[in-house]
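Observations on the model geometry
Here is how the chains run, residue by residue.
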There are 2 protein chains.
Amino acid sequence: MSKKYSEMSKEELNAEKASLEKRYGEFKAKGLKLDMSRGKPGSDQLDLSSGLNDVKDYIENGVDLRNYGILDGIPSCKKLFADLMCVNPKNVIVGPNASLTLMFDYISQCYTHGAGDIPWCKQENIKFLCPVPGYDRHFTILEHFGIEMININMMKDGPDMDKIEEYVKDASVKGIICVPKYSNPQGITFSDEVVRRIAALKPAAKDFRIIWDNAYCVHDLDENGDKLLNIFDVLTEYGNEDMVIEVCSTSKITFPGAGVSALIASDNNIAEIKKRLGAQTISYDKMNQFRHVQFFKDANGVLNHMKKHAAILKPKFDTVLKHLDNELSGKGIASWFNPKGGYFISLDVMNGCAKRVGELCREAGVVLTTVGATFPYGRDENNSNIRIAPSYPTVDELNTAAELLCICVRLAAVEKLLG
Amino acid sequence: MSKKYSEMSKEELNAEKASLEKRYGEFKAKGLKLDMSRGKPGSDQLDLSSGLNDVKDYIENGVDLRNYGILDGIPSCKKLFADLMCVNPKNVIVGPNASLTLMFDYISQCYTHGAGDIPWCKQENIKFLCPVPGYDRHFTILEHFGIEMININMMKDGPDMDKIEEYVKDASVKGIICVPKYSNPQGITFSDEVVRRIAALKPAAKDFRIIWDNAYCVHDLDENGDKLLNIFDVLTEYGNEDMVIEVCSTSKITFPGAGVSALIASDNNIAEIKKRLGAQTISYDKMNQFRHVQFFKDANGVLNHMKKHAAILKPKFDTVLKHLDNELSGKGIASWFNPKGGYFISLDVMNGCAKRVGELCREAGVVLTTVGATFPYGRDENNSNIRIAPSYPTVDELNTAAELLCICVRLAAVEKLLG
């Protein structure tokens, strides 16, 4: 049985510290060089999609995809994403390599041309609600456009909906940006009730938009994956179908460096986005779209492919979680979720200790995501959240890195308690 | 010897009309279906780049290009464009399929964040100078952002520089957008003197920007291609290196539907653009960049490849020009340039007749670029400019289409003169 650190005497803490420092020193001596900072697939995962490069076809329904034309995605690729996301192909636009670009460009469009109201650049002090901890690149987009970010705490089943329902009464609050399935970093999937409450929102701002970044839509770690309610099925009940812009991509299905993204939206929003796209591009890369369609054949092909990713990723998540369980359970100094999918494990250490943990890890050769990055403006007021990305290192490396991380979490807590 | 239409008697014109109508009727009876509306490469041109799909490598200098990372282009692809455009790789950003996106995104950036001054969205009544006739998609971008467009006539050696030098004294004039080599549609290359006068401009607006769309940088029709002075070599003489944003792409080198684009700019501008890119994307498609590098090897590889395009295109241009010469010379009803490269022939018909020519052609099954499209807001005040795109039809088809076009040009003129 573990003893809570808060219940330890000074002597016990000092003994614990000495023992941890000894272990830490041994790790430091190894001269490690491990990176758990970003959700990068391993090269064995990338090899799963080698077949993409064997696709040589470029004619679809008599159309030469090498040439000009087709603004919003080739029909077969729109259908592939539509089937995967359970929507109508007419509500899909197939995009470039990164869905980040689709989100940035949409926010930019709201900024320059508005979302059915005055352009955001002509309105003062506009704000977005940001479930925290969250994805740093979301925050970067909002900060780029000078949109004020308001933290909304994540609960076990999604963001704090009472808070959100309160905030949207303010017409200067223009939207929410979130990852509804296997949230980054906690791996939380919004419950049906949360999805319904979001779909039913009645914001004061008529140009209110929810960026629904479904980055991990098919990224289960095993066959007991979470199910996310399709928000577009619910939105219509409330006449709110224009409120949500959903995006996804193949970044973590095929190649982060050469994938295909998609945007899903209402008829009205698709029409507005196409107006902009007609000025912004000739088309996105149609041959890469076709490559993906030919490689997967259909949505089932994608789902089967994801099982191969899961077989590689699950042991990595299990390795990290095993160490967290063994080393941190019952000590009252850390908490975490056991995600059923996604790319991250979110670890909350003792308040005031996260930066110190990052520092200790770095000094011993293990790089974590910059502490604070999971919050708007890089500010984790509690200095407690650490995002762990287990995908890139091998299981052996993770065994080492996770054990070291646990030692650092404990050591930082002891240091703090000893003052 | 042709007789000028203006010197013909009413009887002569009536006889000419009857003869032309007979020929027109014969063409109409053929039930043609030809498209000379857009600068689309033929499929034989696209076949020249089939080798792109054979590239299987994805590791450059130990970096796995399938994975995340590298915001501004892989080093070898930056070098390829840098060598081609005679600039330093550090001044190159490799972009997505369409250079149009690079232009749109840059104008958007100026609109939302400015170009070293107040964002354009916070300034009133801003304007751009547009050499005319010009490229419709340039005008679409400017119109999208509500930027007022001012026509600047094209002369034989580039835009009317006296007018430009006058207009830039107005601080609300924020830029020029142009195609300096083989201009779209006239195929005019700016003379060294024009390039120097542009580089030496002293605009009142300190956030003045020239969008230098070098779309046809290596697109000569034979070995006697035009030479365009490298504006970046001249800009430094005047301390104006921040004034120009150059773009180009492989749309008409490899595939319009799956190419690579590039942006060339000063250190300061590159830094500003990278700030935006860091929020907008993870990276553009790096595997496609590498595919292009591996296929071409180096800048010489591109130049040799372009000779194969020229061998296909030159007979097409010659075919159209032969008909224009045979049918329209000396009649005082049309003028055109003989371009040494690019994708278009610009035909100026008798004032007030261009729309009628487009109509007559369409009724006989030949589609031309919409008349007016070569001017901002689609307004060709003289109703005289027609853009001919000879690349897509075969030489046989062009023989038919060009003869029909000439008949229509003559018929429209006769109709006009007969009142």
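Calculation rules
Residues numbered from 1 in each chain as written. Chains lettered and ligands numbered in written order. Predicted model: local features only at pLDDT ≥ 70, side-chain atom pairs only at ≥ 80, totals over all residues. Heavy atoms only, no water. Helix = DSSP H or I, 4+ residues; strand = E, 2+ residues; numbered from the N terminus. Rg over C-alpha atoms; globule rule 2.2 N^0.38 Å. Buried < 20%, exposed > 50% of the residue type's maximum accessible area, 1.4 Å probe, protein only. Contact = heavy atoms within 4.5 Å. Areas by Shrake-Rupley, 256 points an atom, 1.4 Å probe, with all protein chains shown as cover. Lys, Arg positive; Asp, Glu negative; His and termini not counted. Charge placed at Lys NZ, Arg CZ, Asp CG, Glu CD. Axes fitted to C-alpha atoms, helices over the stretch in contact; angles between N-to-C directions. Parallel < 35°, antiparallel > 145°, perpendicular 65-115°, else oblique. Nonpolar A, V, L, I, M, F, W, Y, C, P; charged D, E, K, R; others polar. Pairing = 2+ DSSP bridges. Salt bridge = Lys/Arg side-chain N within 4 Å of Asp/Glu carboxyl O. Polar contact = N/O pair within 3.5 Å; in protein donor to acceptor, adjacent residues only side chain to side chain. Right-handed = clockwise from strand over helix to strand, strands pointing away. Least-squares fit on C-alpha atoms with pLDDT ≥ 70 in both. Phe/Tyr/Trp six-rings, centres within 6.5 Å; stacked < 30°, edge-to-face > 60°. pLDDT = per-residue confidence, 0-100. Left-handed = near helix turned anticlockwise from the far one by under 90°.

What about the overall build of chain A?
- When you go through chain A residue by residue, the secondary structure sums to 13 helices and 15 strands.
- Relative to its length of 419 residues, chain A is compact, with a C-alpha radius of gyration of 23 Å against a globular reference of 22 Å.
- With the C-alpha coordinates aligned to their principal axes, the bounding extent of chain A is approximately 75 × 50 × 35 Å.
- The buried share of chain A, reckoned over its 419 residues, is 62%.
- The long-range fraction of contacts in chain A, counting pairs at least 24 apart against all pairs at least 6 apart in sequence, stands at 78%.
- Of the accessible surface of chain A, which amounts to about 15700 Å², a share of 48% is contributed by carbon and sulfur atoms.
- For chain A, the centre of its 51 positive side-chain charges and the centre of its 56 negative side-chain charges are spaced 2 Å apart.

Observations regarding the packing of helix α5 (residues 136-144) of chain A against helix α9 (residues 267-280) of chain B
- Where α5 of chain A contacts α9 of chain B, the axes come no closer than 8 Å and their chain directions differ by 135°. The angle between α5 of chain A and α9 of chain B falls in the class oblique. Residue-level inspection shows Arg-137, Thr-140, Ile-141 and His-144 of chain A of α5 of chain A in contact with α9 of chain B, the latter providing Arg-276, Gly-278 and Ala-279 of chain B.
- Of the residues in the contact of α5 of chain A with α9 of chain B, the class split is 2 nonpolar, 3 polar and 2 charged.

Some remarks on the sheet that holds strand β7 (residues 158-159) of chain B
Residues and elements named next belong to chain B.
- Here we have 8 strands laid out as an open sheet, ordered β4-β11-β10-β9-β8-β5-β6-β7, and mixed in their pairing. A strand with exactly one partner marks an edge of an open sheet, and here the two such strands are β4 (92-95) and β7.
- In this structure, strand β8 (residues 173-178) lies alongside strand β9 (residues 209-213), joined through 4 bridges in parallel fashion. When the bridges of β9 are listed, Ile-176 appears paired with Ile-210.
- Docked against the sheet, helix α3 (residues 75-85) engages β4, β10 (244-249) and β11 (261-264), running at close to 115° with respect to β4.

Focus: the interface of chain A and chain B
- Across the boundary between the two partners, chain A contributes 53 residues, which contact 53 residues of chain B.
- Across the salt bridge formed by Asp-54 of chain A and Lys-56 of chain B, the nearest N and O atoms sit 2.8 Å from each other.
- In this assembly, chain A and chain B are joined by 28 residue pairs in polar contact (both at pLDDT 80 or more).
- With 8 residues, the top contributor of residues to the side of chain A that touches chain B is helix α4 (residues 99-113) of chain A.
- In terms of residue class, the side of chain A that touches chain B is made up of 21 nonpolar, 18 polar and 14 charged.

Description of the pairing of β9 of chain B
Residue and element names in this part refer to chain B.
- A large share of β9 lies buried, amounting to 5 of its 5 residues.
- Across the two faces of β9 the burial is the same, with Arg-209, Ile-211 and Asp-213 and Ile-210 and Trp-212 all buried.
- Taken together, β8, helix α7 (residues 192-199) and β9 constitute a β-α-β crossover, and its handedness is right-handed.
- As paired strands, β9 and β10 are joined by 4 bridges and run parallel to one another. In the sheet register, Ile-210 faces β10, and the bridge partner there is Val-244.

Points about the relation of the copies chain A and chain B
- For the pair chain A and chain B, the relating rotation is 180°, the translation along its axis is 0.0 Å, and the fit reaches an RMSD of 0.1 Å. Seen this way, the second copy is the image of the first under a two-fold rotation axis.
- Looking at chain A, 100% of its interface residues are interface residues in chain B too, so the copies touch through the same face.

Considering the packing of aromatic side chains
- Counted under the stated rule, the structure contains 12 aromatic pairs over all chains.
- Relative to Phe-128 of chain A, the ring of Trp-120 of chain A has its centre 5.8 Å away and its plane inclined at 65°; by these criteria the two rings are edge-to-face.
- Taking the relative accessible area as the measure of exposure, Trp-120 of chain A reaches 1% and is therefore buried.
- Relative accessible area serves as the criterion here: at 0%, Phe-128 of chain A is assigned to the buried category.
- Consider the rings of Phe-190 of chain B and Trp-212 of chain B, whose centres lie 5.7 Å apart with planes at 80°: the pair is edge-to-face. In this pair, Phe-190 of chain B is assigned in the loop between β8 and α7 and Trp-212 of chain B in strand β9, connecting sequence segments 22 residues apart. Like Phe-190 of chain B, the residue Trp-212 of chain B is buried in the burial classification.
- Cluster of aromatic residues (ring-pair linked, three or more members): Phe-104, Tyr-111 and Phe-145 of chain A.

Some details on the confidence of the model for chain A
- Mean pLDDT over chain A stands at 97; residues scoring 70 or higher make up 100%.
- Overall fold confidence for the complex sits at a pTM of 0.97, while the interface term, ipTM, reaches 0.96.

Section: the side chain of Lys-316 of chain A
Residue and element names in this part refer to chain A.
- Counting through the fold element by element, Lys-316 comes out in helix α11 (residues 299-328).
- Asp-44 is the oppositely charged side chain nearest to the buried, salt-bridge-free Lys-316, at an N-O distance of 4.6 Å.
- Reaching out from Lys-316, the side chain makes a polar contact with the backbone oxygen of Pro-393 at a distance of 2.9 Å.
- What Lys-316 contacts, discounting residues up to four positions off in sequence, is Pro-390, Ser-391, Tyr-392, Pro-393, Thr-394, Val-395 and Leu-398.

Overview of the packing of helix α1 (residues 10-29) of chain B against helix α13 (residues 395-418) of chain B
Residues and elements named next belong to chain B.
- Where α1 contacts α13, the two axes come as close as 9 Å, and the packing angle between them is 145°. Here the hand of the crossing between α1 and α13 comes out left-handed. For the pair α1 and α13, contact is made by Lys-10, Leu-13, Asn-14, Glu-16, Lys-17, Leu-20, Glu-21, Arg-23, Tyr-24 and Phe-27 and by Thr-400, Glu-403, Leu-404, Ile-407, Cys-408, Arg-410, Leu-411, Val-414, Glu-415, Leu-417 and Leu-418, respectively.
- For the contact of α1 with α13, the per-class residue count stands at 11 nonpolar, 2 polar and 8 charged.

Focus on the environment of Arg-38 of chain A
All names here are of chain A.
- Along the chain, Arg-38 falls in the loop between β1 (34-36) and α2 (43-47).
- C-alpha of Arg-38 to C-alpha of Leu-84: the two residues are 46 residues apart in sequence and 26 Å apart in space.
- Residues in contact with Arg-38, not counting those within four places in the same chain, are Tyr-135, Asp-136, Arg-137, Phe-344, Arg-387, Ala-389 and Ser-391.
- A polar contact of 3.2 Å, which involves the side chain of Arg-38, links it to the side chain of Asp-136.

Re helix α10 (residues 286-296) of chain B
- Summarising burial for α10 of chain B: 9 of the 11 residues are buried, a large majority.
- Regarding α10 of chain B, the residues found buried are Lys-286, Met-287, Asn-288, Gln-289, Phe-290, Arg-291, His-292, Val-293 and Phe-296 of chain B.
- Its buried side turned inward, α10 of chain B meets α10 (286-296) of chain A together with β2 (59-60), α3, β4 and α11 (299-328) of chain B.
- A distance of 3.1 Å separates the backbone nitrogen of Met-287 of chain B from a side-chain oxygen at the start of α10 of chain B, and that oxygen is part of Asp-285 of chain B.
- Looking one or two residues beyond α10 of chain B, the residue adopting positive phi is Lys-297 of chain B, at roughly 70°.

Re the pairing of strand β6 (residues 148-155) of chain A
Residues and elements named next belong to chain A.
- Inspection of the sheet shows strand β5 (residues 127-132) paired to β6 by 6 bridges, in the parallel sense. For Leu-129, the partnering residue across the bridge sits in β6 and is Ile-150.
- A crossover connection joins β5 to the parallel β6 through α5; in handedness this β-α-β unit is right-handed.
- In textbook terms, the turn of a hairpin is the stretch between consecutive antiparallel strands, and for β6 and strand β7 (residues 158-159) this stretch comprises 2 residues.

Considerations on the pattern of salt bridges
All names here are of chain A.
- A full pass over the atoms with the stated rule returns 57 salt bridges over all chains.
- Taking the shortest distance from any N to any O, the salt bridge between Lys-275 and Glu-272 comes out at 3.0 Å. Here the residue Lys-275 and the residue Glu-272 both occupy positions in helix α9 (residues 267-280), the gap between them amounting to 3 residues, near one helical turn.
- Within this structure, Glu-16, Arg-23, Glu-327, Glu-403 and Arg-410 form a network of salt bridges that share partners.

Description of the sheet that holds strand β12 (residues 334-336) of chain B
Residues and elements named next belong to chain B.
- Taken together, the 3 strands give an open sheet; going across it, the order is β12-β13-β15, and neighbouring strands pair in antiparallel fashion. Either end of the sheet is taken by a strand with one partner, and the two such strands are β12 and β15 (385-388). Strand-to-strand twist of the sheet, defined as the mean angle between neighbouring strand axes without regard to direction, takes the value 25°.
- The pairing of β12 with strand β13 (residues 345-349) spans 3 bridges and is antiparallel. Each bridged residue has a counterpart across the sheet, and for Ser-335 the counterpart in β13 is Asp-348.
- Most of the contacts of α11 go to β13, to which it runs at about 20°, and overall it touches β12, β13 and β15.

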